[in-house]
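Descriptive analysis of the structure
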Amino acid sequence: LGCAVDGHPTPNITWLYSGEPLSLQHQLLAAGRILQILNVSDFSDGEFSCLAQNEAGSLTQVMTLAIQEYRWSVDKLTACSASCGHRGLQLPQLRCLLDGAEVNASYCRETPKPSLQPITCNRRDCPSRWMVTSWSPCTRSCGGGIQTRRVTCQRLTAKGSSVPMSSEACAQVSKHPVDTQSCNRQPCVEWAASSWGQCDGPCIGPRLAVQHRQVFCQTKDGTSVSSDQCSSLPRPLSTQNCWTDVCGVHWRVSLWTVCTATCGNYGFQSRRVDCVHIRTNKPVMEHHCSWRPRPANWQRCNITPCENGTLLRGGEAEGCSSRKDGRVVSQKRRTGPC
């Protein structure tokens, strides 16, 4: 607190609290013109005054101290947790107050919280009421079953015990709950399959083929329904491998033909490739052998370079001539250099 007085000569300043000299902890600064209160909680609401005196006279200045303190309040309670019986509890509600008005709780964070003790409430006998158990498992998984539960009339006392009552006592309060209900009313369904088809599907190995059948979802009385209704059931196979003599086949190859050239880049040779039955050795349709790669039926051959001559494919070589004893001698060759 400051004492806003001045004079000449410099006045002497005396501080008073409620008209009495200061006795609690304080400190004077600036030649007594500033009063520093070291512990506000030691004081209560009241008047501080400073008395300034010199040869010219005296002057008093008065200031009022109003202490505002944040504090926790527990004057409110939560709603009771039960309307009757032995478990009803209320918890005190903490509020941060300043001069009786509620403020944000953060203002009271440095103030120790008071201990909160739950308070019992509504500890009295409850009215009679229906008590039900859980539903029993359904008697059937489909096609309509029955499930039941137990319904009794009881009263919960203030001591926590449950006392059986007559059904009439509960009937006055509410209607009797149902104790039986239908369940799993969806129709019963199953997977059904036709007979396996002929074992004449595509061959997938020696004497091994594939056969098929139709798989569909139906009710117990044979009515076809969507496959989605059977999705929770294991689905039978619609294809399977089977053994058949039709697939007892293999590729048969003949010997390579003679190469069409003895050298050069144009020679090739061929051979016959057939799909034949292993037992009869008779040709069958080639697709029966498609499970195994088909051998090549032609290839290049004799692709080495030719030397000093011209090779003609499929005909005779051109005529060659030479001198002998002064005469020109002509000759014909089919293959090879002159």
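The shown structure was predicted, so the numbers you read here are calculated from the model rather than taken from an experiment. (Residues numbered from 1 in each chain as written. Predicted model: local features only at pLDDT ≥ 70, side-chain atom pairs only at ≥ 80, totals over all residues. Heavy atoms only, no water.)

**What about the overall build of the protein?**
Note the threshold: Starting at the N terminus, helices and strands are each numbered in turn, a helix being any DSSP run of H or I of at least four residues and a strand any DSSP run of E of at least two. All radius of gyration figures rest on C-alpha atoms, and the globule criterion is 2.2 Å times the number of residues raised to 0.38. Only protein chains enter the calculation, and the probe is 1.4 Å; a residue is then buried if its accessible area is under 20% of its type maximum, exposed if over 50%, and partly exposed in between. For this analysis, residues touch if any pair of their heavy atoms sits within 4.5 Å. The protein chains shown are the only cover counted for residues, whose accessible areas, like all others here, come from Shrake-Rupley with a 1.4 Å probe. Charge counting treats Lys and Arg as positive and Asp and Glu as negative, with His and both chain ends excluded. In plain terms, the charge of a residue is placed at NZ if it is Lys, CZ if Arg, CG if Asp and CD if Glu.
The number of helices and strands found in the protein is one helix and 26 strands. In terms of overall size, the protein is more extended than a compact globule, its C-alpha atoms giving a radius of gyration of 58 Å where 338 residues would be expected to give roughly 20 Å. If you line up the protein on its principal axes, its C-alpha atoms span 175 × 90 × 25 Å. Evaluated residue by residue, the protein yields a buried proportion of 24% over its 338 residues. Here the contacts in the protein between residues at least 6 apart in sequence split such that 57% fall between residues at least 24 apart. Surface exposure of the protein reaches about 23600 Å², of which carbon and sulfur atoms provide 50%. Here the protein carries 36 positive and 25 negative side-chain charges, and the mean point of each set is 25 Å from the other.

**Focus on the environment of S18**
Topologically, S18 is positioned in the loop between β1 (12-17) and β2 (20-21). Classification of S18 by relative accessible area gives partly exposed; the value is 48%. On a C-alpha basis, the gap between S18 and K175 in space is 75 Å, while along the polypeptide they are 157 residues apart. When near neighbours in sequence (up to four residues on either side) are disregarded, S18 contacts G46 and E47.

**Describing the packing of aromatic side chains**
This is how the line gets drawn: Only rings of Phe, Tyr and Trp enter the pairing, Trp through its six-membered ring, and a pair is recorded when the two centres are within 6.5 Å. The plane angle decides the type: under 30 degrees is stacked, over 60 is edge-to-face, the rest tilted. By definition, being over a ring means that NZ of Lys or CZ of Arg is both within 6 Å of the ring centre and within 35 degrees of the ring normal.
Under the defined criterion, the tally for this structure stands at two aromatic pairs. For the pair Y17 and F48, a centre-to-centre distance of 4.7 Å together with 40 degrees between the ring planes defines the contact as tilted. Linking Y17 in strand β1 with F48 in strand β5 (residues 46-54), this pair joins segments that are 31 residues apart in sequence. Just as Y17 is buried, F48 falls in that class too. Taking 5.0 Å as the distance between ring centres and 10 degrees as the angle between the ring planes, the aromatic pair formed by Y70 and Y107 counts as stacked. Note that Y70 is positioned in strand β7 (residues 70-77) and Y107 in the loop between β10 (101-103) and β11 (119-120), a separation of 37 residues in sequence. The class of Y70 is partly exposed, set by a relative accessible area of 30%. Relative accessible area serves as the criterion here: at 47%, Y107 is assigned to the partly exposed category. The side chain of R235 reaches across the aromatic face of W191, ending 4.9 Å from its centre.

**With respect to the state of the cysteines**
What counts, and what does not: Only a pair of cysteine sulfur atoms within 2.5 Å counts as a disulfide in this structure description.
Summed over all chains, the structure comprises 13 disulfides. Covalent S-S linkage joins C275 and C289, the inter-sulfur distance amounting to 2.0 Å. Because the sign of the S-S torsion sets the handedness, a value of about 80 degrees for the bond joining C275 and C289 places this disulfide among the right-handed ones. Placement of the pair is C275 in strand β23 (residues 273-277) and C289 in the loop between β23 and β24 (298-300), with a sequence separation of 14 residues. Just as C275 is buried, C289 falls in that class too.

**Regarding the sheet that holds strand β9 (residues 92-98)**
Which entries qualify depends on this criterion: One bridge is not enough; two strands pair if DSSP finds at least two bridges between them. Axis definition: a line fitted to C-alpha atoms, over the contacting stretch in the case of helices. Angles run 0 to 180 degrees between N-to-C directions.
Pairing is antiparallel across the open sheet formed by three strands, whose spatial order is β7-β9-β10. Looking at which strands have only one partner, the edges of the open sheet turn out to be β7 and β10. Mean inter-strand twist for the sheet, computed between neighbouring axes without regard to direction, equals 60 degrees. Where β7 lies against β9, six bridges are found, and the strand directions are antiparallel. Counterpart to R71 in the pairing with β9 is L97.

**Quick look at the nonpolar core**
Defined as follows: We call a set of buried residues a nonpolar core when its members are Ala, Val, Leu, Ile, Met, Phe, Trp, Tyr or Cys and they connect through side-chain atoms within 4.5 Å of each other.
Core analysis: the largest hydrophobic core is formed by 13 residues, its most contacted members being C3, I13, W15, L22, F43 and F48. Elements that contribute at least two residues to this core include exactly β1, β5 and β6 (57-65).

**Quick word on the domain arrangement of the protein**
Let me state the cut-off plainly: Source of the domain bounds: an automatic or database domain assignment.
Taken domain by domain, the protein holds domain 1 (12-65), domain 2 (71-120), domain 3 (127-183), domain 4 (189-245) and domain 5 (248-300). Summarising the inter-unit geometry, the C-alpha centres of domain 2 and domain 3 are found 39 Å apart.

**Considering the side chain of S73**
The line we're drawing: What qualifies as a polar contact is a pair of N or O atoms within 3.5 Å, subject to a donor-acceptor requirement within protein and to the restriction that residues adjacent in sequence count only when both atoms come from side chains.
Relative to the assigned elements, S73 resides in strand β7. A polar side-chain atom of S73 sits 2.8 Å from a polar atom in the side chain of D75. For S73, the residues in contact, after removing those within four places along its chain, are Q93, L94, R95 and L97.

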